[in-house]
Amino acid sequence: ESLIFHTPDNALAAFDAARQQIRWQLENIQPVIRAQFTGQLIGIITESNQQLTISPQGELLDSANLREPASIVSAQNGTLIAYTRGGLWSILTDGIWSPLMEIVPIGGISGAVKQADDGRLFLFDSHVLYAYDSNRALLWQIELPNVTGLTELTIDNGILLLTGTHGDLIAIRNADGGLCNRAQIYGDDRAKLWYNLGSDGILRVAVADQIIGLDWQTFLTGCA
């Protein structure tokens, strides 16, 4: 139940739920551009392209220097999945990296990864979105040119949503790679990205200097 903040003096501070007491603190942590909590691990990507693996108790388990920012997501077993220029990795609860697939498209600054509840794996390498089954056999692929900036993948009721800090919003049917819709709003390298699909059916997106709301079902008309 901790709330973790990056502080102006480059530290990570974990507060209790009431935000009154500091539970733990880690010094010399550069500003965070991506973060993920699996229930067993905290994964962080910093502006200096470091990937940090931290225990819920604040122990730094591993620090890796990357060539470009990586995509990190939670795996089904509480470990982390990291998609980097060097490959696709499972980061175990002790911080050890292990190859998840031997041959994968090259990741990087615009790469994204997501694992579905049924074990399927989705990889975006900044140009092509790939879908693999639970045995890592290729199911389909779709080209999505001109996507730049940091990107993320989420899944909702059979739809993959690819979002990016340069303002990309792309909805894809995860069963067969069918493109439902695509939009782009203003964004740039300084943009922070936040999005949420509410129970009222509105997709809210905050990127760069704006907040927009999209009717989710209308946006998915191409897959109706």
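Please refer to the structure placed before this passage.
An account of the accompanying structure is given in this report. (Residues numbered from 1 in each chain as written. Predicted model: local features only at pLDDT ≥ 70, side-chain atom pairs only at ≥ 80, totals over all residues. Heavy atoms only, no water.)

Turning next to the overall build of the chain. In terms of regular secondary structure, the chain is built from one helix and 22 strands. Over its C-alpha atoms the chain spans a radius of gyration of 18 Å, differing by no more than 12% from the 17 Å that the globule rule assigns to 224 residues. Principal-axis analysis of the C-alpha atoms gives the chain an extent of 50 × 40 × 30 Å. Of the accessible surface of the chain, which amounts to about 11,200 Å², a share of 48% is contributed by carbon and sulfur atoms. One finds the centroid of the 13 positive side-chain charges in the chain at a distance of 3 Å from the centroid of its 24 negative side-chain charges. (Helix = DSSP H or I, 4+ residues; strand = E, 2+ residues; numbered from the N terminus. Rg over C-alpha atoms; globule rule 2.2 N^0.38 Å. Areas by Shrake-Rupley, 256 points an atom, 1.4 Å probe, with all protein chains shown as cover. Lys, Arg positive; Asp, Glu negative; His and termini not counted. Charge placed at Lys NZ, Arg CZ, Asp CG, Glu CD.)

Now for the environment of Leu121. Summarising the element assignment, Leu121 is placed in strand β13 (residues 121–124). Classification of Leu121 by relative accessible area gives buried; the value is 0%. Sequence separation between Leu121 and Ala131 is ten residues; the distance between their C-alpha atoms is 5.9 Å. If sequence neighbours within four positions are ignored, Leu121 has contacts with Ile81, Leu88, Leu100, Met101, Val113, Lys114, Gln115, Tyr130, Ala131, Tyr132 and Arg136. (Buried < 20%, exposed > 50% of the residue type's maximum accessible area, 1.4 Å probe, protein only. Contact = heavy atoms within 4.5 Å.)

Empty space within the largest pocket amounts to approximately 750 Å³. Of all the secondary-structure elements, those providing two or more residues to the lining of the largest pocket are β4 (32–37), β8 (71–74), β12 (112–115), β16 (151–156) and β20 (193–197). The greatest single-element share of the lining of the largest pocket, amounting to five residues, is contributed by β4. A per-class count over the lining of the largest pocket returns 14 nonpolar, eight polar and seven charged. For the second largest pocket, the lining is made up of 15 residues, of which Ser2, Leu3, Ile4, Phe37 and Ile42 are closest to its centre. (1 Å grid on protein atoms, 1.4 Å probe; cavity = no way out; pocket = protein on both sides within 12 Å on 5 of 7 lines; lining within 4 Å. Points joined across faces, edges and corners; volume = space filled by probe spheres on them. Nonpolar A, V, L, I, M, F, W, Y, C, P; charged D, E, K, R; others polar.)

A side chain with one charge can pair with a side chain of the opposite charge if their charged atoms come near. Taken as a whole and judged by the stated rule, the model has five salt bridges. For the salt bridge of Arg85 with Glu68, the shortest nitrogen-to-oxygen distance reads 3.6 Å. Taken together, the residues span a long stretch of sequence, with Arg85 in the loop between β9 (80–84) and β10 (87–91) and Glu68 in the loop between β7 (60–65) and β8 at a distance of 17 residues. Residue Arg85 is classed as partly exposed on the basis of its relative accessible area of 34%. (Salt bridge = Lys/Arg side-chain N within 4 Å of Asp/Glu carboxyl O.)

As summarised here, the arrangement of the three strands in space is β1-β2-β3, forming an open sheet in which the pairing is antiparallel. Either end of the sheet is taken by a strand with one partner, and the two such strands are β1 (3–6) and β3 (22–27). Going across the sheet, the axis of each strand differs from the next one's by a mean of 15°, ignoring polarity. Here β1 runs beside strand β2 (residues 11–15); their pairing, made up of four bridges, is antiparallel. Along β2, the bridge assignment pairs Ile4 with Ala14. (Pairing = 2+ DSSP bridges. Axes fitted to C-alpha atoms, helices over the stretch in contact; angles between N-to-C directions.)

A complete count under the given rule lists five aromatic pairs for this structure. Seen in terms of ring centroids, Phe5 and Phe15 are 5.8 Å apart; in terms of plane orientation they differ by 80°. Their pairing is edge-to-face. Note that Phe5 is positioned in strand β1 and Phe15 in strand β2, a separation of ten residues in sequence. Both rings, one in Phe122 and one in Trp140, keep their centres 6.1 Å apart while their planes meet at 45°; by these two values the pair is tilted. Of the two residues, Phe122 is situated in strand β13 and Trp140 in strand β15 (residues 138–143); the sequence distance between them amounts to 18 residues. Of the two residues, Phe122 and Trp140, both sit in the buried class. (Phe/Tyr/Trp six-rings, centres within 6.5 Å; stacked < 30°, edge-to-face > 60°.)

By secondary structure assignment, the location of Leu220 is in the segment after α1 (216–219). Exposure remark for Leu220: the relative accessible area of 9% places this residue in the buried category. Spatially, the C-alpha atom of Leu220 lies 12 Å from that of Asp156, the residues being 64 residues apart in sequence.

The next subject is the side chain of His166. As for its position among the elements, His166 is in the loop between β17 (159–164) and β18 (168–173). Not counting chain neighbours up to four residues away, the residues in contact with His166 comprise Thr148, Gly149, Gln184, Ile185, Gly187, Asp188 and Asp189.

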